[in-house]
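# Observations on chain architecture
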Amino acid sequence: MAISSYRVIPGPESYLSPAAASMGVVLPEKGEALIEGKIVPEEEAIEKITEKLILAKNPFFFPGPLILWAWNEKAIAKAKAVKELAEAAGAKIIPMPDYRPKYPMINPEEEINPNHPNLTIWHNKIDTCVFVGVHCHYANLALKIIRGGTDCYTIALCGQAGHEDAMITLRDIHSEEVQKLTEVVKRAKGGTPQ
Amino acid sequence: MKKNIATISPGFEDIMPEEYQDLVNDGPYGRGLGIKNLGTFKELIEEHPLCAGCGLALAIRLTAASLPAPEDTIIVGTTGCNSILMPQLAIHNIHSLFGNQSSLAAGLKRALKLRYPDKNKDVVVMAGDGGIADIGLSPTLHTWLRRENLTTIMLDNESYSNTGGQESGMSCEGAVLNMAPTGKKFPKIPMPEIAKDSGCAYVATVSVANARRLGRMVKRAILVAREIGPTYLQIFVPCPTNYKFSTSETLKRAKEREKIMEYISSEAEKLIKEANI
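Note that residues are indexed from 1 along each chain, following the sequence as it is written. Chain letters start at A and ligand numbers start at 1, both assigned in the order the entries are written. Reporting of local features is limited, given that this is a predicted model, to residues whose pLDDT is at least 70; pairs of side-chain atoms are given and counted only at 80 or more, and all residues count toward the totals for whole chains, interfaces and linings. With hydrogens and water set aside, each side-chain value is computed from the structure's full complement of heavy atoms.

### Some points on the sheet that holds strand 5 (residues 128-132) of chain A
Residues and elements named next belong to chain A. Applicable threshold: A pair of strands counts as paired when DSSP detects no fewer than two bridges linking them. Only DSSP runs of H or I covering at least 4 residues are called helices, and only runs of E covering at least 2 are called strands; the numbering of each starts at the N terminus. The contact rule is simple, with two residues in contact once any of their heavy atoms fall within 4.5 Å. Axis angles are defined between N-to-C directions and span 0 to 180 degrees, where every axis is a line fitted to C-alpha atoms and, for a helix, only to the segment in contact.
The sheet built from seven strands is open, its strands ordered 2-1-7-6-5-3-4 with mixed pairing. Edge strands, defined here as strands with exactly one partner in the open sheet, are strand 2 (38-41) and strand 4 (92-93). Pairing of strand 6 (residues 153-157) with strand 7 (residues 168-170), which is carried by three bridges, proceeds in the parallel orientation. When the sheet's bridge partners are listed, Ala156 is paired in strand 7 with Thr169. Of the strands in this sheet, strand 5 and strand 6 are in contact with helix 5 (residues 136-149), which crosses strand 5 at around 170°.

So, in structure tokens, the structure goes:
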């Protein structure tokens, strides 16, 4: 397969940025990840995520409905792990509780919506964000809009096959993997944050 | 979705927007509420983008408040004014291709019966007069003829309203609209009669001005569809934008033109009596 020259990097890219998949970016296999559209070993992506989270001025986590709602024990466990990771990284949390369009508009201080995620990014001056627990289609939609209209660095921790439209994506991420990432972040920061 | 599943994951309660906390703590899920309880619980619609004085928006609000089990209801809609509001409801809803709503709903209902054999999952088709009586007439009729367990609710504003005001099959004879300047040349389609003749076990007509009755009819239509077969409810929802009357006159117009009709098959009558609704 030809290697795509397209790079998934912070924008603002364009009013209608292309889907990374349409530009030749392919999803990683098990044990792999994507950094800016390039397939890399998972460990390399974990290091990069850690670096991005630690160096970010204003990092935010955007948990989606798959973990915000207590569907089952797995969802509850992943939610707990994500909250611990956000705390370890010193990041704030803004939820994406569902995908309904809101009239007249969302409150960007307390909510992010996949149909206009740029509003939340702009309003809160977010430079790095982490998507986790958002259904595939809506995550890619939001990631694409963010890339199109903001300079925010996007990371997606995906429970399935990953997201081409994120600048860094890990695949097959469940509560155990989130906990491992938390440990890496804590170690990189030099101990457990107070 | 039962009420105990509509629960926020521990640790995230404080960061959820107030609207969601209200839905969880004070919403209608699993509580058997109705129109008489409006004002005492968190409704399934927060705000809407439809025109001032829109009868259709009020009908959706009243219908949503009357659903016997909103947590186990899926609404299937189609193109029209209603489709601008529908995605904002805190109820599962699907937007179909224009006119295809009944076919989609029938497949969905059959799949839900297989997936959840021990649960009632109510599938409600809610669409405009153009979607049901014109463009989607064939799928609508065929779901009735096949005796699918669906409730069909027509929001009848007697025109294609969000495309500038064309006449629909449900417009009255002589109706003049922006895009029907010489007046409609044939009568309103007799959908209640067609529904009855096509096998609906419960058929009713009401207007948006008659809230309590509308609420009761919604509950009856859904219960009968759940247990017996197809049902049809036609709600008259005057449109001030295209029929060019004051936004404050919507309910007055609805009352003036309201035709209340209720056909209940003998089997449905027994069920309704037992359920006491």
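### Here's the deal with the packing of helix 1 (residues 42-55) of chain A against helix 6 (residues 175-189) of chain A
All names here are of chain A. Operational definition: Each angle is binned into one of four classes, with values under 35 degrees roughly parallel, values over 145 roughly antiparallel, values of 65 to 115 roughly perpendicular, and all other values oblique. By definition, any crossing whose near helix is turned counterclockwise from its far helix by less than a right angle is left-handed, and any crossing with a clockwise turn is right-handed. Just so you know the grouping, Ala, Val, Leu, Ile, Met, Phe, Trp, Tyr, Cys and Pro go in nonpolar, Asp, Glu, Lys and Arg go in charged, and all remaining residues, Gly too, go in polar.
Put simply, helix 1 and helix 6 touch, their axes get as near as 10 Å, and they point 55° apart. Between helix 1 and helix 6, the interaxial angle falls into the category oblique. For helix 1 against helix 6, the interelement crossing comes out right-handed. Across the interface between the two elements, Ile46, Ile49, Thr50, Leu53 and Ile54 from helix 1 touch Leu181, Val184, Val185, Ala188 and Lys189 from helix 6. Broken down by class, the residue content of the contact of helix 1 with helix 6 amounts to eight nonpolar, one polar and one charged.

### Side note on the side chain of Asn242(B)
Residue and element names in this part refer to chain B. As a reminder, the rule being used: Throughout, exposure labels follow a simple rule: accessible area from a 1.4 Å probe, protein chains only, divided by the maximum for the residue type, with under 20% read as buried, over 50% as exposed, and the rest as partly exposed. In protein, a polar contact requires one atom able to donate a hydrogen and another able to accept it; more generally it is a pair of N or O atoms within 3.5 Å, and residues adjacent in sequence count only if both atoms are side-chain atoms.
Position of Asn242 relative to the elements: it lies in helix 9 (residues 240-243). Residue Asn242 is classed as buried on the basis of its relative accessible area, which comes to 4%. There is a polar contact of 3.3 Å between the side chain of Asn242 and the backbone nitrogen of Gly165. Other than its neighbours up to four places away in sequence, Asn242 contacts Ser159, Ser161, Gly164, Gly165, Leu177 and Asn178.

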